Amino acid sequence: MAGLIAYGAYVPYHRLARTDVAAALGGKGGKGTRAVAGYDEDTTSMAVEAARGALARDGLRARVSQLFLATAAPAYLDKTNAAAVHAALGLDPHVLAADMAGSVRSGLGALVTAARSPVPTLTVLSDLRIGLPGGTDEVAGGDGAAAFVFGGHRNGAPVIAELLAHDTVSDELLDRWRLPGAPVSRVWEERFAEEIYVSLADKALTAALDHAALDVGSIDHFVVAGLHTRACATVRRTAGVRPEAVTPDLTGAIGNAGTAQPGLLLADVLDRARPGETIALVVLGDGAGVLLLRATDALPAHRAARPVATQIAAGSTPMPYATYLSWRGLLDREPPRRPDPEPPYAPPAHRRTGWKYGFVASRCEKCATRHLPPDRVCTSCRSVDAMTDEPMADVRGTVATFTVDRLAATPSPPMLVVVVDYDGGGRFRCQLTDATEADAAIGARVEMTFRRTVTASGVHNYFWKARPVRTGETEGTH
C-alpha cells in the first residue's frame, strides 16, 4: 500500500491584525489576523522547520531518497534552495534535493510527484506572501510551510493515509502573475476565472473519484485551497459534498499561504482525522488538482507533534503594522550606525556544513565532554581526534545568562543574546528569536530553530538560533 507516512507543518509565531492595517491606511482591513514570517525567516528556513516536524520519528530521515522544495518565493534563483534544507536536515549526500519554484501551482506538482514516486520522498511546500500596503494580497495573505513524506510499507514505515487516487487538469489562465524581480503579484478581475476554476475542479474531482470507485458523498474531509478566493468558496458550496465535511480554510487566523496553503490545510485535517475517513484535497491554480487519501489505523499514533491548531493558538499578540512593513522591505528604516555586516564566505561555510547547517556538535569519546562548536581537541581531557558527531538541532536547553543589546544591528531591536546550557551537556552562545525582553530570563527553556541571520552582498547567512519553549508545548517535541 502506497501513501503518506509522515507530515509536519510550520506556522510562524508572529501575527498581523487586519484592523491595524485599516487603522493605518484607512478603509476596511477585515477581521482576524495573518501569520507573519519573522525578520529572520524566509521560505527556506520555514521549510526546514516543517520538515523537522515531518521527520521527527526515529529512523525516518535515513529512509528519504528525494527532497522537493516547492515555493513561489525562493530565497535564491540559480542556486538550489532545497540544498540548504537538505544540509539542515542532515540527509544522506545521495538524496536528490531539487526546487519546484516560481509558481503557486508548484506545491501541487510537488505533492503529486511525491505521491507517484516509487521511493520515499519528502516534499516541502513553503511560501511568504507579500502584497502592496493596504491591498488584498497583504491582508489576505499569510506565511507558512508544510512537509509530507510519501512512501509505503516496503519502505519500513507505516502508511498513515493511503493514496486512493489523484487527478490533475491544466489550463492556461491569466488570473494572477508576477514578472521576475517584481515584489508583488498582479491579479485580473476575479469574476473572469471563477466559473473556469469551478469547472476544472469538477473535472478533476470527478475523475479522481471515478479512479477510486467512490462517490462525492463518501468524502469525510473536503479541503479546497487556492489563491482565487471566490472560486474556492464556490467549489466548497457546489461540489455536492456533505456540509459537515467541508473543512475550515484557516484564513481568518493565519491568512492564505499560497504555495503552502494546501499543505497547511491537509496537515490540519490529518491532526484530527479518524481511521477510515476519506480526505479530498482540491487545489486551484492554473488548472485544478485532486488527491484522495484515506486515513489508516496508524494515523493516531503517528500524528505530527505540533498540531496546526496548537501553533495557531500559540501565535504572538499582533505586531505593529510599521514593523511588518519594515520586515518585508516595504518601509525603509534608518539602520544602526554600525559597519555593514559581512557576508558568509563560501570556502569556510562549505568546510563547516555539518555545524553551520546541521548544528552538529562533537562529543569526546574519552571523557564524554560535548563541544559546541565541534573541535578536534577536547577542552577537558585534551584528547586529539577522539570525537563523535552529535546532532544538536533537536536538543533543548536552559538559559544560563543573557544580554539585551540595544546597539547591535538587527531589524528587530534590541538583539537578545543568550548562553544556553544544553540537556546532556554543552554550552553555546546564540541569538534568541521570536521573543521579547521578558522571554530572556535565566532558567528559561529554549529550543533551536533554523534561521537566516543576515543577508549581505546578496548572500543569505543561515544558522541556528534559540527560541522560547512556549507554554503548553511538551518536552520531546523538536
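Residues numbered from 1 in each chain as written. Predicted model: local features only at pLDDT ≥ 70, side-chain atom pairs only at ≥ 80, totals over all residues. Heavy atoms only, no water.

**Regarding helix α6 (residues 191-212)**
Counting along an α-helix, one turn takes 3.6 residues, and residues three or four places apart therefore face a common direction. For clarity, the cut-off: Here a helix means four or more residues in a row that DSSP labels H or I, a strand means two or more in a row labelled E, and each is numbered from the N terminus. Under the convention used throughout, the expected extent of a helix is 1.5 Å for every residue step, that is, one less than its residue count. Only protein chains enter the accessibility calculation, which uses a 1.4 Å probe. A residue is then buried if its area is under 20% of the maximum for its type, exposed if over 50%, and partly exposed in between. Residue contacts are defined here by distance: any two heavy atoms, one from each residue, within 4.5 Å place the two residues in contact.
Over its 22 residues, α6 extends 32 Å from the first C-alpha to the last, a length consistent with the 32 Å expected when each residue adds 1.5 Å. For α6, the full list of buried residues reads A193, E194, Y197, V198, L200, A201, A204, L205, A207, A208 and L209. If you follow the buried residues of α6, they end up packed against β8 (161-170), β11 (221-225), α7 (229-238), β12 (278-284) and β13 (287-295). A positive phi of about 60° marks A213, the residue just after α6.

**Thoughts on the packing of α6 against α7**
Put simply, the test is: Angles run from 0 to 180 degrees between N-to-C directions of axes, and those axes are lines fitted to C-alpha atoms, restricted for helices to the stretch in contact. Working definition: roughly parallel below 35 degrees, roughly antiparallel above 145 degrees, roughly perpendicular at 65 to 115 degrees, and oblique for all remaining angles. Crossings are assigned a handedness: left-handed for a near helix turned anticlockwise from the far helix by less than a right angle, right-handed for a clockwise turn.
In contact at an axis separation of 8 Å, α6 and α7 are set at 40° when each is read in the N-to-C sense. One way to sum up the angle between α6 and α7 is to call them oblique. Here the hand of the crossing between α6 and α7 comes out right-handed. Of the residues in α7, those touching α6 at R191, E194, Y197, V198 and A201 are R230, A231, T234, V235 and T238.

**Some details on the side chain of T296**
Put simply, the test is: Under the rule applied, a polar contact is a pair of N or O atoms within 3.5 Å (in protein, one hydrogen donor and one hydrogen acceptor; residues adjacent in sequence only if both atoms are side-chain atoms).
Topologically, T296 is positioned in the loop between β13 and α10 (308-313). A polar side-chain atom of T296 sits 2.6 Å from the main-chain carbonyl oxygen of V159.

**Focus: empty space enclosed by the protein**
Filter applied, for reference: A 1.4 Å probe that fits but cannot get out identifies a cavity on a 1 Å grid over protein atoms alone, an open set with protein on both sides within 12 Å along at least five of seven lines counts as a pocket, and a residue lines either if it has an atom within 4 Å of a point. Grid points are joined across faces, edges and corners, and a volume is the space filled by probe spheres set on the points. Throughout this entry, Asp, Glu, Lys and Arg are counted as charged residues, while Ala, Val, Leu, Ile, Met, Phe, Trp, Tyr, Cys and Pro are counted as nonpolar. The remaining residues, Gly among them, count as polar.
Within the structure shown, the criterion is met by 1 cavity of 30 Å³ or more. One number sums up the size of the largest cavity: a volume of about 50 Å³. What lines the largest cavity is V104, R105, A225, G226, G258, T259, P262, V283, L284 and G285. Counted by class, the lining of the largest cavity contains 5 nonpolar, 4 polar and 1 charged residues.

**Concerning the state of the cysteines**
Heads up, the rule is: When the sulfur atoms of two cysteines come within 2.5 Å, that pair is taken as a disulfide.
This structure, assessed with the given rule, holds 0 disulfides. Free cysteine C381: the closest other cysteine sulfur is in C364, separated by 3.6 Å. Since its relative accessible area comes to 32%, C381 is described here as partly exposed.

**Remarks on a nonpolar patch on the surface**
What counts here: Candidate patch residues must exceed 30% relative accessible area and have no salt bridge, after which like charges are joined if within 9 Å and Val, Leu, Ile, Met, Phe, Trp or Tyr side chains if within 5 Å. Note on areas: Shrake-Rupley, 1.4 Å probe, and residue coverage restricted to the protein chains presented here. We count a salt bridge whenever a side-chain nitrogen from Lys or Arg sits within 4 Å of a carboxyl oxygen from Asp or Glu.
Residues L174, W188 and F192 make up a contiguous nonpolar surface patch of about 310 Å² in total accessible area. Residue placement: F192 occurs in helix α6.

**A short note on the packing of helix α2 (residues 43-54) against helix α3 (residues 82-89)**
The N-to-C vectors of α2 and α3 enclose an angle of 40°; their axes lie 9 Å apart at closest approach. In this view, α2 runs oblique relative to α3, as classed from their interaxial angle. By crossing handedness, the relation of α2 to α3 is classed as right-handed. Where α2 abuts α3, its residues T44, A47, V48, A51 and R52 lie against A84, V85, A88 and L89.

**Thoughts on the layout of surface pockets**
Quantified by volume, the second largest pocket comes out at close to 500 Å³. Forming the walls of the second largest pocket are 24 residues, and the residues nearest its centre are H14, W327, S412, A435 and T436. Looking at the lining of the second largest pocket, the elements with two or more residues in it are α11 (321-327) and β18 (415-422). When its residues are assigned to classes, the lining of the second largest pocket shows 12 nonpolar, 9 polar and 3 charged.

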